[in-house]
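Now for the letters of each chain:
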Amino acid sequence: MSQGNSSFAEYLDDLPLLHTWDNGATWNTGGFSRAHLRQLHEYLSDNVGVHPAIIETGAGNSTLTFLHLAPRRLVAIAPAADLRDRILAYCADAGIDTSALEYRVERSEIALPTLAFADERFDVALIDGGHGWPTVFVDFCYINMMMRRGGLILVDDLQIHSVAELARLLEQQPNFDLALDLGKLQIWQKQYDQPFLPEHSKQPYILSKTKRRRGA
């Protein structure tokens, strides 16, 4: 499945500095540590079939980690052409095959609706794009539509309230099983075929919060 444990290990030993949030004054590897990327790669290598279809909101070292799984398709959505160029340049230097990569320089709210109504269903999805309201739940809504039964939804940055709310919803929602908890990142396995969550009357988290709000 992967391009080789040795090449991935070499990649982990020297993660590329793909991100800057101060106009280039400083550079960093992004939100995933080496330990997170190692655990993520190991788990997906062991639990996802050969050449998976993967989609992610956000991009960076997660994209490179996914490419080491030799996916048949990898859709990365981020409104940053310069980040795309750095990822592609690194892959060219490192000899990483990018033929499966579709990098969409768009906000996820724009890119996901078109993808959601195509025929492709994905094996793995990472929600790690915009972290404000309503983007987190917009991403989840469309990604949930695209996930096959048994697919894995990765939710990153649970230290942020908006993302934690999604995790709290999934904790109580039938047909979503917590497969792996890495602290800031959780992996949820979807156990049903429906593209949408049921109405609020069948969402335990919404019911419990509504009851509490009413003081019942």
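Refer to the structure above for everything that follows.
Along each chain, residue indices are assigned from 1 in the same order as the chain's sequence is written. Note on the predicted model: pLDDT of at least 70 is required for a residue's local features to be given, and 80 or more for side-chain atom pairs to be given and counted; whole-chain, interface and lining totals, by contrast, use all residues. Processing note: side-chain calculations cover all non-hydrogen atoms of the structure and skip hydrogens and water entirely.

Draft legend 1. Fine view of the environment of Glu-165. Residue position: Glu-165 is located in helix H7 (residues 161–172). For Glu-165, a relative accessible area of 16% corresponds to the buried category. Expressed as a C-alpha distance, the spacing of Glu-165 and Tyr-205, which sit 40 residues apart in the sequence, is 9.7 Å. Residues count as neighbours in contact if any of their non-hydrogen atoms are within 4.5 Å of one another. Aside from chain neighbours lying at most four places away, what touches Glu-165 is Trp-133, Phe-137 and Tyr-205. Where helices and strands are cited, they refer to DSSP runs of H or I of at least four residues and of E of at least two residues respectively, numbered from the N terminus. When accessible area is computed with a 1.4 Å probe and restricted to protein chains, residues below 20% of their type maximum are described as buried, those above 50% as exposed, and intermediate ones as partly exposed.

Draft legend 2. Focus on the environment of Leu-154. Tracing the backbone shows Leu-154 in strand E5 (residues 147–156). Sequence separation between Leu-154 and Asp-128 is 26 residues, and the spatial gap between their C-alpha atoms is 8.4 Å. In this structure, Leu-154 is in contact with Leu-40, Phe-66, Val-124, Ala-125, Leu-126, Ile-127, Leu-185, Gln-186 and Ile-187, ignoring residues within four places of it in sequence.

Draft legend 3. Geometry of the packing of aromatic side chains. Classification of ring pairs rests on two measures: the distance between centres of Phe, Tyr or Trp rings, Trp counted by its six-membered ring, which must be within 6.5 Å, and the angle between planes, read as stacked under 30 degrees, edge-to-face over 60 and tilted in between. Evaluated as defined, the whole model comprises five aromatic pairs. Here the aromatic rings of Phe-8 and Tyr-11 are separated by 5.6 Å at their centres, their planes lie at 45°, and the arrangement is tilted. Taken as a pair, Phe-8 and Tyr-11 lie in helix H1 (residues 5–13) at a separation of three residues, close to a single helical turn. Judged by its relative accessible area of 5%, Phe-8 is buried. When the centroid spacing of 6.1 Å and the interplanar angle of 55° are considered together, the rings of Phe-140 and Phe-176 count as tilted. Residue Phe-140 is found in helix H6 (residues 135–146), and its partner Phe-176 is found in strand E6 (residues 176–181); the two are separated by 36 residues along the sequence. With a relative accessible area of 4%, Phe-176 lands in the buried category. Through pairs of rings, three or more aromatic residues link up here, namely Phe-8, Tyr-11 and Tyr-90.

Draft legend 4. Here's a closer look at the layout of surface pockets. Of the two site types, the cavity is a set of points on a 1 Å grid over the protein atoms alone where a 1.4 Å probe fits but cannot get out, and the pocket is an open set with protein on both sides within 12 Å along at least five of seven lines, each lined by residues with an atom within 4 Å of a point. Grid points are joined across faces, edges and corners, and a volume is the space filled by probe spheres set on the points. Empty space within the largest pocket amounts to approximately 560 Å³. The wall of the largest pocket is formed by 33 residues, among which His-19, Gly-58, Ala-59, Asp-128 and Gly-129 lie closest to the centre. Elements represented by at least two residues in the lining of the largest pocket include exactly helix H3 (61–67), helix H4 (81–94) and helix H5 (108–116). Sort the elements by how many residues they give to the lining of the largest pocket and H4 lands first, with three residues. Under the scheme applied here, ten amino acids are nonpolar (Ala, Val, Leu, Ile, Met, Phe, Trp, Tyr, Cys and Pro), four are charged (Asp, Glu, Lys and Arg), and all others, including Gly, are polar. Taken together, the residues of the lining of the largest pocket sort by class into 10 nonpolar, 15 polar and eight charged.

Draft legend 5. A look at H4. Between its first and last C-alpha atoms H4 spans 20 Å; for 14 residues at 1.5 Å apiece the expected length is 20 Å, and the two agree. Among the residues of H4, Leu-83, Ile-87 and Cys-91 are the ones counted as buried. In an axial view of H4, the angular spread of the buried residues amounts to 70°, which keeps them on one side of the axis. Facing away from the buried surface of H4 by more than 90 degrees, the exposed residues are Ala-92 and Asp-93. Taken from the residues just after H4, Gly-95 is the one with a positive phi, measuring 75°. How far a helix is expected to stretch is found by multiplying one less than its residue total by 1.5 Å. Here, the arc refers to the directions that run from the helix axis to the C-beta atoms.

As far as function goes, none of this settles anything; it's purely spatial.
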